[in-house]
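# Examination of the molecular architecture
Listed here are the chains, written in short residue letters.
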Amino acid sequence: MAVVALTSARGAPGVTTTALAMAMLWPRPVVLVEADVAGSSSILAGYLRGTVPPDRGLVSLAVAHRRGVLDDKFYDQTVALIENRVRLVPGLVNAQQAASMDKLWSPLSIVLANLERTGTDVIVDAGRLGMRHGPMPLLRSADAVLLVTRTTLPAVSSARARVNVLREDLVELGQGDDTLAMLLIGEGQPYRAREIHSALGVPVLASLAWDQAASDSLSVGAPYGRRFAAAPLFRSTRVVIGAVHELVDRHRTRLAPAAESLMEEHTYG
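If you're wondering where the values come from, they're calculated on a predicted model, not measured in any experiment. (Residues numbered from 1 in each chain as written. Predicted model: local features only at pLDDT ≥ 70, side-chain atom pairs only at ≥ 80, totals over all residues. Heavy atoms only, no water.)

### Some remarks on the overall build of the protein
Tallying secondary structure elements over the protein gives 10 helices and eight strands in all. Relative to its length of 269 residues, the protein is compact, with a C-alpha radius of gyration of 18 Å against a globular reference of 18 Å. Taking the principal axes of its C-alpha atoms as reference, the protein extends roughly 60 × 45 × 35 Å. Going through the 269 residues of the protein one by one, you find that 47% of them count as buried. Across the protein, the fraction of contacts at a sequence separation of at least 24, relative to all contacts at a separation of at least 6, is 74%. Charged side chains of the protein number 27 positive and 26 negative; the gap between the two group centres comes to 7 Å. (Helix = DSSP H or I, 4+ residues; strand = E, 2+ residues; numbered from the N terminus. Rg over C-alpha atoms; globule rule 2.2 N^0.38 Å. Buried < 20%, exposed > 50% of the residue type's maximum accessible area, 1.4 Å probe, protein only. Contact = heavy atoms within 4.5 Å. Lys, Arg positive; Asp, Glu negative; His and termini not counted. Charge placed at Lys NZ, Arg CZ, Asp CG, Glu CD.)

### Section: unusual backbone geometry
With an omega of 5°, the peptide bond running from Gln 189 to Pro 190 counts as cis. With respect to the helices, strands and loops of the structure, Pro 190 is situated in the loop between strand S7 (180-185) and helix H8 (193-200). Although it is not a glycine, Arg 49 adopts a positive phi angle of roughly 55°. Inspection of the secondary structure assignment puts Arg 49 in the loop between helix H2 (42-45) and helix H3 (58-66). Here Arg 49 falls in the exposed class, since its relative accessible area comes to 58%.

### A look at the layout of surface pockets
It is the rolling of a water-molecule-sized probe over the atoms that shows where space remains empty. Size it by volume and the largest pocket reaches roughly 470 Å³. Contributing to the lining of the largest pocket are 30 residues, with Ala 12, Pro 13, Gly 14, Val 15 and Thr 16 lying nearest its centre. Looking at the lining of the largest pocket, the elements with two or more residues in it are helix H1 (15-25), strand S5 (121-128) and helix H9 (212-219). Take the lining of the largest pocket: its biggest share by element is four residues, from H1. Counted by class, the lining of the largest pocket contains 10 nonpolar, 13 polar and seven charged residues. In this structure, the second largest pocket is lined by 15 residues; those nearest its centre are Leu 129, Gly 130, Met 136, Arg 162 and Leu 166. Sorting the residues of the lining of the second largest pocket by element identifies S5, helix H6 (136-140) and helix H7 (153-173) as the ones contributing at least two each. Taken together, the residues that form the lining of the second largest pocket break down as eight nonpolar, four polar and three charged. (1 Å grid on protein atoms, 1.4 Å probe; cavity = no way out; pocket = protein on both sides within 12 Å on 5 of 7 lines; lining within 4 Å. Points joined across faces, edges and corners; volume = space filled by probe spheres on them. Nonpolar A, V, L, I, M, F, W, Y, C, P; charged D, E, K, R; others polar.)

Take a look at the structure:
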């Protein structure tokens, strides 16, 4: 595994909640990056309920990059969510800081990809597609890109309007469209995976349960109770994580022959 990026075609489909749930259940050490340029760390204000000051994160990483110490300072700008197993790179404090991210995204994508060598994976909350100063380099370099959507007609319509542009971008500038898949929130409310696949022409990776109580526990830090781990949201998240591993394995299997061919050309050519 390496880098998994989540994004959406419209606001509030559950990208941040999904990314946080995946990070909490991820089987290896993982860094969760809040790369939504809309501003304000949803996790600091929500799940952590403002208990951690907003003095670390993307803006400080941009400063570190300008000083030529991005690699050295990366972990200094993370917050521990679950001991050292799950760490967070908090997002922007406000949307006015987004412009300062343009020169950070590409070098940051290299730093994130290199974390795999240390046994650490990355989940990126990339926010909404099409945002000015958005983190497209992080999506292009990801091993899996999940377009998160509700299953209502307005949500599917918004996804349809964006998905072809995203797919073309991944083919021309990224790792290929085999990294792209749909992740549904609340399948069957009202449309099902087969219908959405038919409408969008993109494979549906998996579906997350619509679970308001568990979602509130992650998005606003609401109490849940003793059966937190057994919540439908978390049961379905485990299925999503398994499907992501399979998607990455298929992608890397496709890339393997090309990598071997380039190595032979370099060796003998």
